[in-house]
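# Descriptive structure summary
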Amino acid sequence: MSATTRLTVAQALVRFLSVQYTERDGVRHRLIAGTWGIFGHGNVAGVGQALLEAGEDAMPFHQGRNEQAMVHAAVGHARQLNRLSAQAVTTSIGPGATNLVTGAALATINRLPVLLLPGDYFATRAADPLLQQLEHPTEADVSVNDTLRPVSRFFDRIHRPEALIPSALQAMRVLSDPAETGAVTLALPQDVQAEAYDWPQEFFAERVWRVRRPVPDPAELAEAVRAIRSSHRPLIVAGGGVHHSEAEEALRTLVDATGIPVAATQAGKGSLRHDHPADVGGIGHTGTAVADDLARTADLVIGVGTRYSDFTTASGTLFQNPDVRFLNLNITAFDAHKLAARTVVCDARAGLEALASGLAGHRVDPAYEAAYGVGKERWEQVVAHAYRAADENAVPTQTQLLGALDAVVGDEDVVINAAGSLPGDLHKLWRARSPRQYHLEYGYSCMGYEIPAAIGVQQATPDTPVWALVGDGTYLMMPTELVTAVQEGLPINLVLIQNHGYASIGGLSESVGGERFGTAYRYRAADGTFSGAPLPVDLAANAASLGMDVLRAKTVRELREALATARASDRPTCVYVETDTAAATAPPAEAWWDVPVAETASREAAVAARTEYDRQAAARRTHL
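Residues numbered from 1 in each chain as written. Predicted model: local features only at pLDDT ≥ 70, side-chain atom pairs only at ≥ 80, totals over all residues. Heavy atoms only, no water.

### Let's talk about a nonpolar patch on the surface
Heads up, the condition is: Like-charged residues are merged into a patch within 9 Å and nonpolar side chains (Val, Leu, Ile, Met, Phe, Trp, Tyr) within 5 Å, provided each residue has over 30% relative accessible area and no salt bridge. Method for areas: the Shrake-Rupley scheme with a 1.4 Å probe, in which residue coverage is limited to the protein chains shown. A side-chain nitrogen of Lys or Arg and a carboxyl oxygen of Asp or Glu constitute a salt bridge if their distance falls within 4 Å. For helices the rule is a DSSP run of H or I covering at least 4 residues; for strands it is a run of E covering at least 2, with both sets numbered from the N terminus onward.
Judged by side-chain polarity, Y523, L535 and V537 come together as a nonpolar surface patch covering roughly 250 Å² of accessible area. Tracing the sequence through the fold places L535 in the loop between α21 (503-511) and α22 (539-545).

### Looking at the sheet that holds strand β20 (residues 466-471)
Counted only if it meets this: At least two bridges found by DSSP between two strands is the condition for calling them paired. Between the N-to-C directions of two axes lies an angle of 0 to 180 degrees, each axis being a line fitted to C-alpha atoms and, for a helix, fitted only over the stretch in contact. Any two residues having at least one pair of non-hydrogen atoms within 4.5 Å are treated as being in contact.
What the six strands build is an open sheet, ordered β19-β18-β20-β21-β23-β22; its pairing is parallel. Looking at strand neighbours, the two that pair on one side only are β19 (438-440) and β22 (549-553), the edges of this open sheet. Averaged over all neighbouring strand pairs, the angle between strand axes comes to 20°, with direction disregarded. Relative to strand β23 (residues 573-578), strand β21 (residues 493-498) runs parallel, the two being bridged by six bridges. Paired with N493 across the two strands is T573, which belongs to β23. On top of the sheet, helix α16 (residues 398-408) reaches β18 (414-417), β20, β21 and β23; it is set at about 175° to β20, its chief contact.

### Here's the deal with the environment of A609
Definition in use: We call a residue buried when its accessible area falls under 20% of the maximum for its residue type, exposed when it is over 50%, and partly exposed in between, using a 1.4 Å probe and counting protein chains only.
Note on placement: A609 falls in helix α24 (residues 604-617). Assessed through its relative accessible area of 9%, A609 is described here as buried. Through-space distance from the C-alpha of A609 to that of G456 is 41 Å; in sequence the pair is 153 residues apart.

### Some thoughts on the sheet that holds strand β2 (residues 20-24)
Strands sit in the order β3-β2-β11 across an open sheet of three strands; the sheet is mixed. A strand with exactly one partner marks an edge of an open sheet, and here the two such strands are β3 (27-30) and β11 (207-210). Averaged over all neighbouring strand pairs, the angle between strand axes comes to 30°, with direction disregarded. Bridge count for β2 against β11 is four bridges, and the pairing is parallel. Each residue of the ladder has a partner; that of E23, found in β11, is R210. Relative to the sheet, helix α6 (residues 164-176) contacts β2 and β11, its axis offset from that of β11 by approximately 35°.

Honestly, it's all geometry; don't read function into it.
Rendered as structure tokens:
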């Protein structure tokens, strides 16, 4: 009879998680590098006690302030380490558990691993209903944790101790599988967490989950090579899969040999350095003029590790060549088959290396290279103009802020953003210098992601200077983890931009006939609208009250000085700046984005917006 060890379910789970590893290309990582937690009656006596008993060496513990933010921090950690390491998040039942849903959706949409361990009702029903328990009159086994099912790549509720063994193994399989990964949820009834069981010692043996690099199918590869060789205006669209696979060098080798230009999605930006001759910048609604012009005339679009969101395709209006065809290289067949594409289902690095070999001796027409080179130079002038400040003593615009930051950061810095008007400016203008410098969460574009993600990145790579860029709207959503950064001594840098409202949605509202309704942070005026004076909030003082060092900058010169001081600091530091929103220095959108406009309306702005909407929508194509 095999030897056993008597532990509670929670103790067994923590011990199991402490000996799980990933390995790719001979490099090993802890699969679950630590656990975030906020304790309540649903997990304090189970998982909480188990973490205490295991100790920091076996399972590092991180104290959070908001459950959603804890998931964001774990996602930032996983992305920084190319999905080879994840973190767990434990919560009580009730609101602690439901607060996980937004973070879980973000993780799954972005294909990033996180392990969720919410408490749940009593499996024995000895106490029923519990405090915070949802009662369903016809489905007694339903709890609030079932809200996590549609946003999880794997979900199970552990009703009995022995059920943990197969479920925990499945959870690790999904977390470590690059084609399956996302949020994984193990709902833990609180009585089961504390129940003892005789566990087979083999359950606690060290396990290594090898992260595969599947190579292309020979027939798919041959067809892809033929398609590229026969194309006249090919364009590579680099997505996040390039980074996750660490395929940047393979991509550079391919384009150095072939001259094929590379445009990047938000997740793929930085796949090539900004100054590489083939890098033409962001693509789609927030893309550069040169990239979008190439997309409109491309006869072959080669998607590498992208899921083709509507921002990338300009809502189906971008790729306008009548003969355009798609070739998608992706580790998931689901994404590879989008846009009726030829497919190469494989690891991004393995696929790019195979393409480079198959395309030996092939190069695009020199006239094509020269043309996109001219477009690239023109766009660089646009960037320089947006970054430049004629008056060092003036209030900076948002793009001048990016120029000041560009002058301060090094290749190793990581710049994090997710929502608001910044993603568009960054995608168009930021000069990415390394694969991990540009960290935009735009799959879910979740306000509140930036600060906890900065913490996760800092935990993953402690010597990395990290910048969280947030507007006032995002800051007010979720500043809570600044306390965590202070507590842990993590020297994240927060750039806090005050523009008195939801600037991005305000602009969108104006473009679709919404007249910026409900988007300004102002007092109510006599007519009932929010058009009075700006609210007298002091976000810098708030950040200081949470323990941050705060530097206020009123001019371009002061901003540059403050950013340099922040980067040199070993303390969590906030640079606060109120930007000039009247001086427009950001280049306009180079492609459309479909936000439906009211088909009937009495207000002139909405009527005009609908006319423009109908004109743009007429260019939409279905690619078959």
